[in-house]
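# Geometric and topological summary
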Amino acid sequence: MVATHNLNVTDKVEKIDAQPLHHVNISYEKATFGMGCFWGCDSLFGATKGILRTCVGYSGGTTPAPVYRNMGDHTEVIEIHYDPTVISFSDLLDLFWNNHEYGLTTRIKRQYMSLILYHSEEQRRISMESRAEEHIKRAPEKIITEIAPAGIFYPAEDYHQKYRLQGHRELAKSIGLTSELLHKSHVAARLNGYLIGVGGLEQFDKDADRLGLNADQIQYVRDYVLENEGGGIFC
């Protein structure tokens, strides 16, 4: 498990003119997964190459207008916008199978169940084939992941979005993070993962200037990548 600093970080990040890369105009495809608590997978996918945006929320059920305290029959999921020229749906499934906090082979309440919601017939086929392969790899354990068509996705409340990044309040403020950007920002998705070590130092160093960060922001995040690189994903 990755050990992050407490969620009331007060270290000051000097505000120097920069242009954080919130919006990227790149053609994308969607993927939607339930992997247990959605905070961890938001960090995992956010700092993965080829991921453009992430948003956590509720889906897979029938309860209208779910909220965290009244989710009904929905599941905590992450909706991912990804560039298929950089990362494939099969690559995303590799991360999906290998980064569940719980629920892949043990039945738990529906809120945290293992779930793939497909957006196309190709995603359905790949998901079914991938699950069959995982059954073989993990025998005699039995995978209980459900595969179903994607329905309505209900974004979770703001305090659930980019949860790790929001713990670094001065950094979040310095990149101009707003309620809307919590759900849509490219740089916010990346930092949400980098701060707990996802992607590693080499990748962050290559990515930092492209993300429009200033020198102080880069050094701040770099320190956390160094400290947390190689740890696990958790909620």
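Preceding this section is the structure that the text describes.
As the structure is a prediction and not an experimental result, all values here were calculated from the model. (Residues numbered from 1 in each chain as written. Predicted model: local features only at pLDDT ≥ 70, side-chain atom pairs only at ≥ 80, totals over all residues. Heavy atoms only, no water.)

So, on to the pattern of salt bridges. Note that side chains of opposite charge can pair when their charged atoms are close. Under the defined criterion, the tally for this structure stands at 9 salt bridges. Across the pair Glu-129 and Arg-125 runs a salt bridge whose closest N-O atoms are separated by 3.3 Å. Within this pair, Glu-129 and its partner Arg-125 are both found in helix 3 (residues 121-138), separated by 4 residues, close to a single helical turn. Here Asp-207 and Arg-190 are joined by a salt bridge, their closest N and O atoms 3.1 Å apart. Highlighted residues: Asp-207 in helix 8 (residues 200-207) and Arg-190 in helix 7 (residues 186-194), separated in sequence by 17 residues. Residue classification places Asp-207 among the buried positions, given a relative accessible area of 8%. Where salt bridges share partners, they join Glu-134, Lys-137 and Arg-138 into one cluster. (Salt bridge = Lys/Arg side-chain N within 4 Å of Asp/Glu carboxyl O. Helix = DSSP H or I, 4+ residues; strand = E, 2+ residues; numbered from the N terminus. Buried < 20%, exposed > 50% of the residue type's maximum accessible area, 1.4 Å probe, protein only.)

What follows is about the packing of helix 7 against helix 8. It is at 11 Å that the axes of helix 7 and helix 8 come closest, and there the two elements cross at 155°. Taken together, the axes of helix 7 and helix 8 lie roughly antiparallel to each other. In this structure, helix 7 meets helix 8 at a crossing whose hand is left-handed. Each of Arg-190, Leu-191 and Tyr-194 in helix 7 lies in contact with helix 8, whose residues at this interface are Gly-200, Gln-203, Phe-204 and Asp-207. (Axes fitted to C-alpha atoms, helices over the stretch in contact; angles between N-to-C directions. Parallel < 35°, antiparallel > 145°, perpendicular 65-115°, else oblique. Left-handed = near helix turned anticlockwise from the far one by under 90°. Contact = heavy atoms within 4.5 Å.)

The gaps of empty space that remain are located by a probe, the size of a water molecule, rolled over the atoms. Approximately 170 Å³ is the volume found for the largest pocket. For the lining of the largest pocket, the leading source of residues is helix 3, giving 3 residues. Its residues assigned to classes, the lining of the largest pocket comprises 5 nonpolar, 5 polar and 3 charged. (1 Å grid on protein atoms, 1.4 Å probe; cavity = no way out; pocket = protein on both sides within 12 Å on 5 of 7 lines; lining within 4 Å. Points joined across faces, edges and corners; volume = space filled by probe spheres on them. Nonpolar A, V, L, I, M, F, W, Y, C, P; charged D, E, K, R; others polar.)

The final tally for this structure, using the stated rule, is 8 aromatic pairs. Taking 5.8 Å as the distance between ring centres and 35° as the angle between the ring planes, the aromatic pair formed by Phe-33 and Phe-45 counts as tilted. With Phe-33 in strand 1 (residues 29-35) and Phe-45 in helix 1 (residues 38-46), the pair connects residues that are 12 residues apart, well separated along the chain. Each member of the pair, Phe-33 as well as Phe-45, is classed as buried. Arranged with centres 5.0 Å apart and planes meeting at 70°, the rings of Tyr-194 and Phe-204 form a pair that is edge-to-face. In this pair, Tyr-194 is assigned in helix 7 and Phe-204 in helix 8, connecting sequence segments 10 residues apart. Of the two residues examined, Tyr-194 and Phe-204, each falls in the buried class. Clustering of aromatic rings is evident, with ring pairs tying together Phe-33, Phe-45, Phe-89, Phe-96 and Trp-97. Taking NZ or CZ as reference, Arg-53 lies 4.9 Å from the ring centre of Tyr-28, over its face. (Phe/Tyr/Trp six-rings, centres within 6.5 Å; stacked < 30°, edge-to-face > 60°. Lys NZ or Arg CZ within 6 Å of the ring centre and 35° of its normal.)

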